[in-house]
Amino acid sequence: MQLVLLARLLSIGRAVLAELRGRLGALCWSLTPLSLSLSLPLSLPLSLPLPGWRDSTPRPQREQEWDETPPTPTSVNYHFTRQCNYKCGFCFHTAKTSFVLPLEEAKRGLAMLKEAGMEKINFSGGEPFIQDRGEFVGKLVQFCKQELELPSVSIVSNGSLIKRQWFEKYGEYLDILAISCDSFDEDVNVLIGRRQGKKNHVENLHKLRQWCREYAVAFKINSVINRFNVEEDMNEQIKALNPVRWKVFQCLLIEGENTGEDALREAEKFVISDEDFDRFLDRHKDVSCLVPESNQKMRDSYLILDEYMRFLNCRNGRKEPSKSILDVGVEAAIKFSGFDEKMFLKRGGKYVWSKADMKLDW
């Protein structure tokens, strides 16, 4: 019992240290404008070294380039916040810090990615709409579509904080809204942790589907298949909602995020076997929009950018960060991302992702 208590205290301590590190990072970024008042040359970069690099965890990938030719960041997933109002038990990008880049620094990084070849940006979290009640992600969406003229701009959200007014203001700039829904049984959603207060997640899903129709935003559903929903039959509900894509993920363990001593979640009880996952897929094989992603396909085929704009390498089963693109540039940082470009293409990562090309009947 004493050992268990000690382990929990150590875990809490690590979480507190991570939070303090995030706050220190925010303070560093807030000092950036001082360089202007001190009349420094405008050619100097207006960013400061990001916190968190000189930790004691071994990072052999930082010393090794996976490929001599760096991949092109065609599609990037920017997890600009780790904060969330839900507590999904299998979450693999947990609230280890509260750090969020200042808006202009985030825009600068996005412009760098566009210059390096980015065609699609996906904003994720945490929960993207928790920052400034959706204004932060709204301004990024507008910037990427209006200023950078990206072919595709998307968001992954749990949907609980989205208001109609957001669609009125920013809907025209958004190509795809993906809503996470793991079950059409509210009791199962409660078990998973995908609920806040008395809000009904499934009812809200249908409301968001209607708003997407009204404001010409392509609607997508993401589901994580786990021990609590693996036997569920979702055929009827998915066909009724008629998303452009139904992305079905196998529950994935990531050391330090949802498993291990320094993790904020304990996702082991959610894990299913490959055979369980295949049975779920077979049950839904007639759903035309189904896009399955096993652990093997998912782990290395996503370019993930964290809240500091560092690429996260998941090849060793944990998230090992590169240096920030804001400090070293996209080409230098992406070499350590562990990104498998061939698997990205094999799993169908490149598809018709601009709503202008989808020719949907809104």
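Computed from a prediction, not measured in an experiment: that's the story for all the values here.

Enquirer: Is there a simple way to think about the overall build of the protein chain in this case?
Expert: Counting secondary structure elements, the protein chain contains 14 helices and ten strands. Partitioning the contacts of the protein chain with sequence separation of at least 6, the portion at a separation of at least 24 is 76%.

Enquirer: What is the right way to look at the side chain of Asn-235 in this model?
Expert: Here Asn-235 is to be found in helix α8 (residues 235-241). A distance of 2.7 Å separates polar atoms of two side chains, one belonging to Asn-235 and the other to Asp-233. With residues up to four places along the chain from it excluded, the contact list for Asn-235 reads Arg-283, His-284 and Val-287.

Enquirer: I'm lost on unusual backbone geometry in this one. Help?
Expert: A negative phi holds for most residues other than glycine; trans holds for most peptide bonds. In this model, Gly-125 is joined to Gly-126 through a cis peptide bond whose omega is 15 degrees. The residue Gly-126 is located in the loop between β2 (120-124) and α4 (135-147) in this model.

Enquirer: Sorry if this is basic, but what is going on with the confidence of the model for the protein chain here?
Expert: Regions with low pLDDT carry predicted coordinates that are not meant to be interpreted in detail. Per-residue confidence for the protein chain averages 85 on the pLDDT scale, and 80% of its residues sit at or above 70. Low pLDDT, under 50, characterises residues 29-67; the stretch is placed with 61 contacts to residues that sit more than four places away or in other chains.

Enquirer: Can you walk me through the nonpolar core in this structure?
Expert: One broad trend across soluble globular proteins is that nonpolar side chains are buried collectively. Ranked by internal contacts, the top residues of the largest apolar core, which has 68 residues, are Tyr-78, Leu-110, Ile-121, Phe-123 and Trp-246. In terms of residues, this core owes the most to one element, α4, which gives six residues. Not counting chain neighbours up to four residues away, the residues in contact with Tyr-78 comprise Leu-101, Ala-106, Leu-110, Ile-121, Asn-122, Phe-123, Ser-124, Leu-140, Leu-305, Asp-306, Glu-307 and Met-309. One finds Tyr-86, Val-224, Phe-249 and Cys-251 within the second-largest nonpolar core, a separate group that totals 13 residues.

Reading the values: the criteria
Residues numbered from 1 in each chain as written. Predicted model: local features only at pLDDT ≥ 70, side-chain atom pairs only at ≥ 80, totals over all residues. Heavy atoms only, no water. Helix = DSSP H or I, 4+ residues; strand = E, 2+ residues; numbered from the N terminus. Contact = heavy atoms within 4.5 Å. Polar contact = N/O pair within 3.5 Å; in protein donor to acceptor, adjacent residues only side chain to side chain. pLDDT = per-residue confidence, 0-100. Core = buried A, V, L, I, M, F, W, Y, C linked by side-chain atoms within 4.5 Å. Buried < 20%, exposed > 50% of the residue type's maximum accessible area, 1.4 Å probe, protein only.

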